[in-house]
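If you want the building blocks of each chain, they are given just below.
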Amino acid sequence: MTDSNRMWLTRPLTEGSTRLFLGLLAAAMTAVVLMHLVFPEGHALHMSIYTVTLMGKYLCYALLAVAVDLVWGYLGILSLGHGAFFAVGGYAMGMYLMRQIGTRGEYGHPVLPDFMVFLNWDQLPWYWHGFDMAWFAFLMVLLAPAALAFVFGYLAFRSRVTGVYLSIMTQALTFALMLAFYRNEMGFGGNNGFTDFKDLLGFSLLTDGTRLGLFIATGVALAIGYVLCRAIVTSKLGRVSVACRDAEARTRFLGYRVERVQLFIFVVSAMLAGVAGALYVPQAGIINPNQFSPIFSIEIVLWVALGGRATLYGAVIGALVVNYAKSVFTGIMPEAWLFALGGLFVFVTVFLPKGIAGLLPKKKRPDDDDSDTTAQEATA
Amino acid sequence: MSIFTEFTERDRVFDFLAPTASPVDVRHGPILYLEDVTVSFDGFRAIDDLNLTIDDGELRCIIGPNGAGKTTMMDIITGKTRPDTGSVWFGSRHNLLRMNEPDIASLGIGRKFQKPTVFEALSVFENLELAMAADKRVFPTLTARLTGEHRDRIGEVLEMTGLKDLWRREAGVLSHGQKQWLEIGMLLMQRPRLLLVDEPVAGMTEQEMERTAELLTGLAGQQSVVVVEHDMGFVRSIARTVTVLHQGSVLAEGSMDAVSNDPKVVEVYLGEGI
């Protein structure tokens with residue numbers, strides 16, 4: 001049994017499953033780093049920096065999938081708009097990276113990013129101020145998606161919108177934001193978005209060292225995000241959220257404010273998605289409104305469904321497997337990818353209703369692995 | 001004008017002076033007191049001049065044919081339905097007609113609905129844990145720890161409901177009867193003063209019924225229990241006092257034997273072989 005008397009945040013560290021996850025993640029990352037550093041270029045085991053960055057992007061997706069699994073698997077809210085929080089976090093990071101370019105842009109303007117000079121703007125819009133400071137930008141990476149999720153969630157949950165209606169609204173949210181961000185007048189670079197980033201915290205984004213650092217930072221963020229989600233779902237609040245998922249009215253009757261539980265977990269999930277987006281942008285080298293597209297948000301849900309819902313590690317597995325398959329497929333026969341994805345989804349739904357995680361040896365319930373001593377203790 | 005008439009009634013405490021948040025006062029015996037309660041739905045009198053008194057620690061069975069107003073009466077007590085006239089008091093201090101559902105629940109009136117609803121994905125133990133009286137806001141819930149005292153309380157309820165050996169099981173795999181007991185257990189975790197139980201043995205086997213009878217009679221004394229039931233055999237096995245409702249008002253009240261020999265009751269239940 002997870003030690004219920006531990007502080008909630010460190011409680012997952014006593015769990016076997018979380019330790020196993022963190023151990024595997026650390027081992028895999030060490031392997032990637034070593035394959036890049038130790039073996040010389042041309043060696044069979046050498047991993048190019050391009051591949052390392054690709055892995056880093058997969059890890060961003062894995063963190064995003066964990067965020068979606070938190071709200072879908074444990075709270076029963078099927079968000080088809082989590083790409084919006086990912087993109088908002090990404091845009092916050094992108095704004096910082098754009099301000100870092102400084103005079104090195106095409107037009108060499110000391111303050112304005114290139115696209116603003118191109119649009120003949122003569123000063124920064126008010127919401128661009130502060131993004132030249134890293135701490136402010138990183139804070140916004142957390143706060144901007146959180147604010148969006150708070151406003152949206154407050155209105156939706158207070159009105160007791162749930163189920164398919166909520167899913168459609170999240171889809172509409174991300175679609176509306178996509179249309180808005182396509183507009184040049186918004187001041188976010190229109191359909192080109194942001195690109196041509198130069199450096200991050202003073203490190204050039206073009207060097208291998210920075211890219212390796214970003215890969216490691218992403219892995220650490222995934223580990224922290226996983227432990228945080230695990231801490232929430234193993235706390236009493238996690239059990240309340242499962243209760244909200246399965247019998248909302250009954251939970252309310254027990255005296256829990258269901259809409260506040262939903263809002264809290266939704267906002268936490270949005271912040272994790274924002275962090276994933278912020279780490280994705282410097283590795284991908286671009287952020288544009290396509291990141292808001294509804295298809296992307298639906299794809300995230302597919303990763304979680306394929307990996308196995310309400311397990312957290314299943315979300316990670318799903319994100320890695322699907323995106324790896326996507327890279328392979330789009331390399332061989334790009335036009336077949338969507339068919340392959342659809343086929344994979346049908347296959348998993350029919351043959352693996354619990355996703356890939358359902359194939360793994362059944363994880364015991366947290367209460368199962370302690371002996372009867374606690375049973376006596378509990379009933380003494 | 002009504003304000004002035006309120007002040008002229010010298011035998012009553014002014015409404016605004018009557019305390020709301022204070023312990024239940026049962027010094028005078030009754031824990032629940034319904035007087036002259038009437039409710040009409042579209043002209044139909046579901047409850048018609050109902051008078052009912054439940055003593056503290058009593059186990060009371062309420063029987064009556066369909067449409068006698070049993071469920072409506074429960075709705076009035078729990079604040080779901082407002083009566084047109086009459087008064088409903090909890091102890092001699094709390095006017096239930098001036099309180100809303102959550103307030104009434106937190107005052108210590110627990111209601112068990114006919115269909116059992118437990119959290120199927122959670123274990124029996126966790127179901128009871130969530131039902132426990134505690135600070136239920138988001139952050140205290142997030143940081144909540146299970147103390148020895150909590151475990152003792154959960155253990156006590158597991159013992160009472162006979163689910164001790166099943167505490168680690170998922171609630172979803174329990175039988176119908178076990179789910180009913182678990183739900184009663186969840187109500188007990190909130191330490192209610194008064195339990196309203198709606199048809200607890202519907203769909204139960206003989207043995208499960210016996211077990212439920214034991215459970216409910218065991219609770220009386222510490223809690224007041226009001227049971228609404230159709231099954232006459234079951235009522236006979238637990239009841240000390242039985243109230244017969246008919247067309248929204250009390251037809252007869254007394255021991256099971258006295259009630260079942262009452263000619264008026266026999267007439268209402270004609271052919272049902274009470």
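Remember, predicted model here, so these are calculated numbers, not experimental data.

**Description of the packing of aromatic side chains**
Throughout the structure, instances matching the rule amount to 30 aromatic pairs over all chains. Consider the rings of Phe264 of chain A and Phe139 of chain B, whose centres lie 5.1 Å apart with planes at 80°: the pair is edge-to-face. Taken together, the residues span two chains, with Phe264 of chain A in helix α10 (residues 258-284) and Phe139 of chain B in helix α5 (residues 138-142). Judged by relative accessible area, Phe264 of chain A falls into the buried class, the value being 17%. What makes Phe139 of chain B exposed here is its relative accessible area of 52%. Ring pairs connect the aromatic residues Tyr91, Phe115, Trp126, Tyr127, Trp128, Phe181, Phe188, Phe194 and Phe292 of chain A, which therefore count as one cluster. Its end group placed over the ring of Tyr256 of chain A, Lys136 of chain B keeps NZ or CZ at 5.0 Å from the ring centre. Residue placement shows Arg211 of chain B over the ring face of Trp181 of chain B; its charged tip is 5.6 Å from the ring centre.

**Some thoughts on the packing of helix α3 (residues 82-101) of chain A against helix α11 (residues 294-307) of chain A**
Think of two packed helices as two axes; the pair is described by the angle between the axes and how far apart they sit. Residue and element names in this part refer to chain A. It is at 7 Å that the axes of α3 and α11 come closest, and there the two elements cross at 110°. Here α11 runs roughly perpendicular to α3, going by the angle between their axes. Of α11, the residues touching α3 (which contributes His82, Gly83, Ala84 and Phe86) are Phe296, Ser297 and Ile300. Here the contact of α3 with α11 is composed, by residue class, of 4 nonpolar, 3 polar and no charged.

**Topic: the sheet that holds strand β2 (residues 44-55) of chain B**
Residues and elements named next belong to chain B. Strands sit in the order β2-β1-β4-β5 across an open sheet of 4 strands; the sheet is antiparallel. Each edge of the open sheet carries a strand with a single partner, namely β2 and β5 (94-95). Examined bridge by bridge, strand β4 (residues 85-90) and β5 share 2 bridges and lie antiparallel to one another. Each bridged residue has a counterpart across the sheet, and for Trp89 the counterpart in β5 is Asn95.

**Re a nonpolar patch on the surface**
All names here are of chain A. A surface patch of nonpolar side chains, amounting to about 460 Å² of accessible area, comprises Met133, Trp135, Leu139, Leu142 and Leu143. Tracing the sequence through the fold places Met133 in the loop between α4 (114-118) and α5 (134-158). Under the relative-accessibility criterion, Met133 is labelled partly exposed at 36%.

**Digging into helix α4 (residues 124-131) of chain B**
Of all 8 residues making up α4 of chain B, 8 are buried, and the element is well covered by its neighbours. For α4 of chain B, the full list of buried residues reads Val124, Phe125, Glu126, Asn127, Leu128, Glu129, Leu130 and Ala131 of chain B.

**Considerations on the UniProt feature "transmembrane region" (unreviewed entry) in chain A**
All names here are of chain A. UniProt records the feature "transmembrane region" (unreviewed entry) for residues 20-38, 81-98, 134-157, 164-182, 212-233, 261-280, 300-324 and 336-356 in the present numbering. With 100% helix and 0% strand, residues 134-157 has its two end C-alpha atoms placed 34 Å apart. Along residues 261-280 one finds 100% helix and 0% strand; the C-alpha atoms at either end are 29 Å apart.

**Brief notes about the layout of surface pockets**
Residues and elements named next belong to chain A. Its boundaries defined by the atoms lining it, the second largest pocket holds a volume of some 640 Å³. Looking at the second largest pocket, it is lined by 24 residues, and the ones nearest its centre are Phe21, Leu24, Tyr313, Val316 and Ile317. Those elements giving two or more residues to the lining of the second largest pocket turn out to be α1 (16-37), α2 (49-73), α7 (208-234) and α12 (313-332). In terms of residue count, α1 provides more of the lining of the second largest pocket than any other element does, 9 residues in total. When its residues are assigned to classes, the lining of the second largest pocket shows 20 nonpolar, 2 polar and 2 charged.

Quick notes on the rules
Residues numbered from 1 in each chain as written. Chains lettered and ligands numbered in written order. Predicted model: local features only at pLDDT ≥ 70, side-chain atom pairs only at ≥ 80, totals over all residues. Heavy atoms only, no water. Phe/Tyr/Trp six-rings, centres within 6.5 Å; stacked < 30°, edge-to-face > 60°. Helix = DSSP H or I, 4+ residues; strand = E, 2+ residues; numbered from the N terminus. Buried < 20%, exposed > 50% of the residue type's maximum accessible area, 1.4 Å probe, protein only. Lys NZ or Arg CZ within 6 Å of the ring centre and 35° of its normal. Axes fitted to C-alpha atoms, helices over the stretch in contact; angles between N-to-C directions. Parallel < 35°, antiparallel > 145°, perpendicular 65-115°, else oblique. Contact = heavy atoms within 4.5 Å. Nonpolar A, V, L, I, M, F, W, Y, C, P; charged D, E, K, R; others polar. Pairing = 2+ DSSP bridges. Patch = residues over 30% accessible without salt bridge, like charges linked within 9 Å, V, L, I, M, F, W, Y side chains within 5 Å. Areas by Shrake-Rupley, 256 points an atom, 1.4 Å probe, with all protein chains shown as cover. Salt bridge = Lys/Arg side-chain N within 4 Å of Asp/Glu carboxyl O. UniProt positions renumbered as here; feature names shortened; annotations may be inferred. 1 Å grid on protein atoms, 1.4 Å probe; cavity = no way out; pocket = protein on both sides within 12 Å on 5 of 7 lines; lining within 4 Å. Points joined across faces, edges and corners; volume = space filled by probe spheres on them.

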